[in-house]
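Structural overview for review
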Amino acid sequence: MSIKKHVKLGLSALALSVSFGFINTAFAVEDPIKVGILHSLSGTMAISETALKDTMLMLIEKQNAAGGVLGRQLEPVVVDPASNWPLFAEKARELLEKEKVDVIFGNWTSVSRKSVLPVVEELNGLLFYPVQYEGEESSENVFYTGAAPNQQAIPAVDYLMNDLGVERWVLAGTDYVYPRTTNKILETYLKDKGVAAGDIMINYTPFGHSDWQTIVSDIKKFGSAGKKTAVVSTINGDANVPFYRELGNQGISATDIPVVAFSVGEQELSGIDTAPLVGHLAAWNYFMSVDNDANYDFIDAWVAYKGDDAAVTNDPMEAHYIGFNMYVEAVKKAGTTDVDEVKDAIIGVSVPNLTGGYSTMMPNHHITKPVLIGEIQDNGQFSVVWETPSTVAGDAWSDFLPGSKDLISDWRAPLRCGNFNVVTGKCGGGSADVASN
């Protein structure tokens, strides 16, 4: 064979190789961005979490219709951890190791998040967590788009104390980490405000608790001491339905003993007769009743997606809306879905919320949010009776717990620490092992 022929064949092979290289590159660019959806679709938390799964599917569908991200379509990968906390960890590992998802949106309860946390840290995944929680945690791999205690619990107590004159306090919650830690913060806060220990009643019940007769009777008795009394509720999931029903059965109205809830929104109220609950309260960062064009557009999209004119929106749905849009903007900013680059790119990203402003991702992986107090109406909606004049930045570490009041979180270089002690000048290491949970 001539040298010329050798060269020609070599050039042909090179051209073929380059051609296949371009084809492979093209295919790689067009590979979908895989979005893991980790929400309970069965069990006690399905009443709250199923809507969040559907929210993510709607947001993904809308983004794909707009061309995806970086020219790539988004592919949802849905799993059902079934309100089983250890199963959350298994499903998170499945999403990251087997399905190779680029990001996970999910969890509701703190016990499920804490189950998932070591998995996403070990495998360097990204988790967007959309629900109010107890704080006392900051992970490089988690973005907390729900409220920290200073964005919900503390303002709610201030409202009850200052505007309604509440002097006696029932802290009622489901028996797991979020209510216990939140109530620990609130108990300290109330005592700092001069509330006597005898004017604080604390009660915990298991998930799915249904027999509320005795507990509600105790609350009624506690509230009959001649001092204005309120219930601060961190009761989660479907236990709220019989709790509120029993309040009505025993004739406890909002004028007698108001309840302010941190885990009851439009979704939970849609399953019960709200007439006896009119006037009771909830503290969130969003309500469906907010008068805002962006909110109306979101509601219209949700109703159309569900094919149900009675479909309702709620606060954790808005948190997913914010978190999803932040992720999209961070990927665009980074020019890649690479986890480490997205983590750096997302800090400082601002996107519209549904209350008429913007939410920003802070260096502690929490976001800025307004705080609203809503009053239950007979149609299952909330009328906003109080709100902060501007957004509030989420605080990962409470100022009211000795183990965390000196801690800050900042995931920017060069600090890159979730629990930096400003007194000792040292990083505690880890993500959530400093304060008692």
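Above this note sits the structure.
Owing to the predicted nature of the structure, the values given are computational and were not obtained by experimental measurement. (Residues numbered from 1 in each chain as written. Predicted model: local features only at pLDDT ≥ 70, side-chain atom pairs only at ≥ 80, totals over all residues. Heavy atoms only, no water.)

**Quick notes on the overall build of the protein**
- Of regular secondary structure, the protein possesses 12 helices and 19 strands.
- Here the C-alpha atoms of the protein give a radius of gyration of 24 Å, agreeing with the 22 Å that 2.2 N^0.38 yields for 437 residues.
- Expressed as lengths along the three principal axes of its C-alpha atoms, the size of the protein is roughly 110 × 55 × 40 Å.
- Taken over 437 residues, the protein has a buried fraction of 55%. (Helix = DSSP H or I, 4+ residues; strand = E, 2+ residues; numbered from the N terminus. Rg over C-alpha atoms; globule rule 2.2 N^0.38 Å. Buried < 20%, exposed > 50% of the residue type's maximum accessible area, 1.4 Å probe, protein only.)

**Comments concerning the sheet that holds strand S6 (residues 168-174)**
- Pairing in this open sheet of 7 strands is mixed, and the strands run S7-S6-S8-S9-S10-S14-S15 from one edge to the other. The sheet is open, and its two borders are formed by strand S7 (200-205) and strand S15 (382-387), each paired with just one other strand. The mean inter-strand angle of the sheet, taken between neighbouring strand axes irrespective of direction, is 25 degrees.
- In the sheet, strand S14 (residues 372-376) pairs with S15 via 5 bridges, with the strands oriented antiparallel. Looking at S15, one finds that Leu372 is bridged to Glu387.
- Helix H6 (residues 177-192) rests against S6, S7 and strand S8 (229-234) of the sheet, and its axis sits at about 180 degrees to S7.
- Against the sheet, helix H8 (residues 240-249) makes contact with S8 and strand S9 (259-261), and its axis sits at roughly 165 degrees relative to S9, the strand it touches most. (Pairing = 2+ DSSP bridges. Axes fitted to C-alpha atoms, helices over the stretch in contact; angles between N-to-C directions. Contact = heavy atoms within 4.5 Å.)

**Side note on the sheet that holds strand S19 (residues 426-427)**
- Pairing is antiparallel across the open sheet formed by 3 strands, whose spatial order is S17-S18-S19. Of all strands in the sheet, those with a lone pairing partner are strand S17 (407-410) and S19, marking the two edges.
- Direction of pairing for S17 relative to strand S18 (residues 417-421): antiparallel, over a ladder of 3 bridges. Directly across from Ile408, in S18, lies its bridge partner Phe420.

**Quick look at the packing of helix H11 (residues 315-334) against helix H12 (residues 339-346)**
- In contact at an axis separation of 8 Å, H11 and H12 are set at 110 degrees when each is read in the N-to-C sense. If you check the angle between H11 and H12, you find them roughly perpendicular. Residues Met326, Tyr327, Ala330, Val331, Lys333 and Ala334 of H11 touch H12, and the partners they reach there are Glu341, Val342, Ala345 and Ile346.
- Across the contact of H11 with H12, the residue classes tally to 8 nonpolar, no polar and 2 charged. (Parallel < 35°, antiparallel > 145°, perpendicular 65-115°, else oblique. Nonpolar A, V, L, I, M, F, W, Y, C, P; charged D, E, K, R; others polar.)

**Digging into a negative patch on the surface**
- A cluster of acidic residues, Asp291, Asp293, Asp297 and Asp300, forms a negative patch at the surface.
- Mapping Asp297 onto the fold places it in helix H10 (residues 293-306). (Patch = residues over 30% accessible without salt bridge, like charges linked within 9 Å, V, L, I, M, F, W, Y side chains within 5 Å. Areas by Shrake-Rupley, 256 points an atom, 1.4 Å probe, with all protein chains shown as cover. Salt bridge = Lys/Arg side-chain N within 4 Å of Asp/Glu carboxyl O. Lys, Arg positive; Asp, Glu negative; His and termini not counted. Charge placed at Lys NZ, Arg CZ, Asp CG, Glu CD.)

**Some thoughts on a nonpolar patch on the surface**
- Among the surface-exposed residues, Ile408, Leu415, Val422 and Val423 lie close enough to one another that they form a single nonpolar patch of about 330 Å² accessible area.
- By the secondary structure assignment, Val422 is in the loop between S18 and S19.
- Taking relative accessible area as the criterion, Val422 reaches 49% and is therefore assigned partly exposed.

**Some remarks on the layout of surface pockets**
- In this structure, the largest pocket encloses a volume near 160 Å³.
- Lining the largest pocket are Met58, Leu59, Lys62, Ala294, Asp297, Phe298, Ala301, Tyr321 and Leu354.
- Elements with a minimum of two residues in the lining of the largest pocket: helix H2 (46-65) and H10.
- At 4 residues, H10 tops the list of elements feeding residues into the lining of the largest pocket.
- For the lining of the largest pocket, the per-class residue count stands at 7 nonpolar, no polar and 2 charged. (1 Å grid on protein atoms, 1.4 Å probe; cavity = no way out; pocket = protein on both sides within 12 Å on 5 of 7 lines; lining within 4 Å. Points joined across faces, edges and corners; volume = space filled by probe spheres on them.)

**Overview of the environment of Asp315**
- Looking at the element boundaries, Asp315 is found in helix H11.
- With relative accessibility at 2%, the residue Asp315 sits in the buried group.
- When the C-alpha positions of Asp315 and Met288 are compared, they lie 8.0 Å apart, and in sequence the two are 27 residues distant.
- The contacts of Asp315, once residues within four sequence positions are left out, are Trp284, Asn285 and Tyr286.

**Some words on H12**
- The complete set of buried residues in H12 reads Val339, Val342, Lys343, Ala345 and Ile346.
- Each element contacted by the buried residues of H12 is listed here: strand S4 (127-129), strand S5 (142-144) and H11.
- Where H12 begins, the side chain of Asp338 points an oxygen toward the backbone nitrogen of Asp340, at a separation of 3.3 Å. (Polar contact = N/O pair within 3.5 Å; in protein donor to acceptor, adjacent residues only side chain to side chain.)

**Section: the packing of aromatic side chains**
- Taken as a whole and assessed by the stated rule, the structure comprises 18 aromatic pairs.
- On the basis of an interplanar angle of 50 degrees and a centroid distance of 6.1 Å, the ring pair of Phe105 and Phe324 is categorised as tilted. In this pair, Phe105 is assigned in strand S3 (residues 103-106) and Phe324 in helix H11, connecting sequence segments 219 residues apart. An identical accessibility class is assigned to Phe105 and Phe324; each is buried.
- Between Tyr189 and Phe400, the aromatic rings sit 4.8 Å apart at their centres with planes inclined by 75 degrees, giving edge-to-face as the arrangement. Within this pair, whereas Tyr189 is found in helix H6, its partner Phe400 is found in the loop between strand S16 (392-393) and S17, the two being separated by 211 residues in sequence. (Phe/Tyr/Trp six-rings, centres within 6.5 Å; stacked < 30°, edge-to-face > 60°.)

**Side note on the side chain of Thr337**
- Relative to the assigned elements, Thr337 resides in the loop between H11 and H12.
- Under the relative-accessibility criterion, Thr337 is labelled buried at 11%.
- Of note is the side chain of Thr337, whose polar atom sits 3.4 Å from the side chain of Asp102.
- When near neighbours in sequence (up to four residues on either side) are disregarded, Thr337 contacts Ile33, Arg72, Asp102, Tyr327, Val331 and Val342.

**Let's talk about the packing of helix H7 (residues 213-222) against H8**
- Viewed as axis vectors pointing N to C, H7 and H8 meet at an angle of 55 degrees, and their least axial separation amounts to 10 Å. Judged on the interaxial angle alone, H8 and H7 are oblique. Relative to H8, the crossing made by H7 is right-handed. Across the interface between the two elements, Gln213, Val216 and Ile219 of H7 pack against Phe243, Glu246 and Leu247 of H8.
- For the contact of H7 with H8, the per-class residue count stands at 4 nonpolar, 1 polar and 1 charged. (Left-handed = near helix turned anticlockwise from the far one by under 90°.)

Remember, this is a structural readout, not a statement about activity or role.
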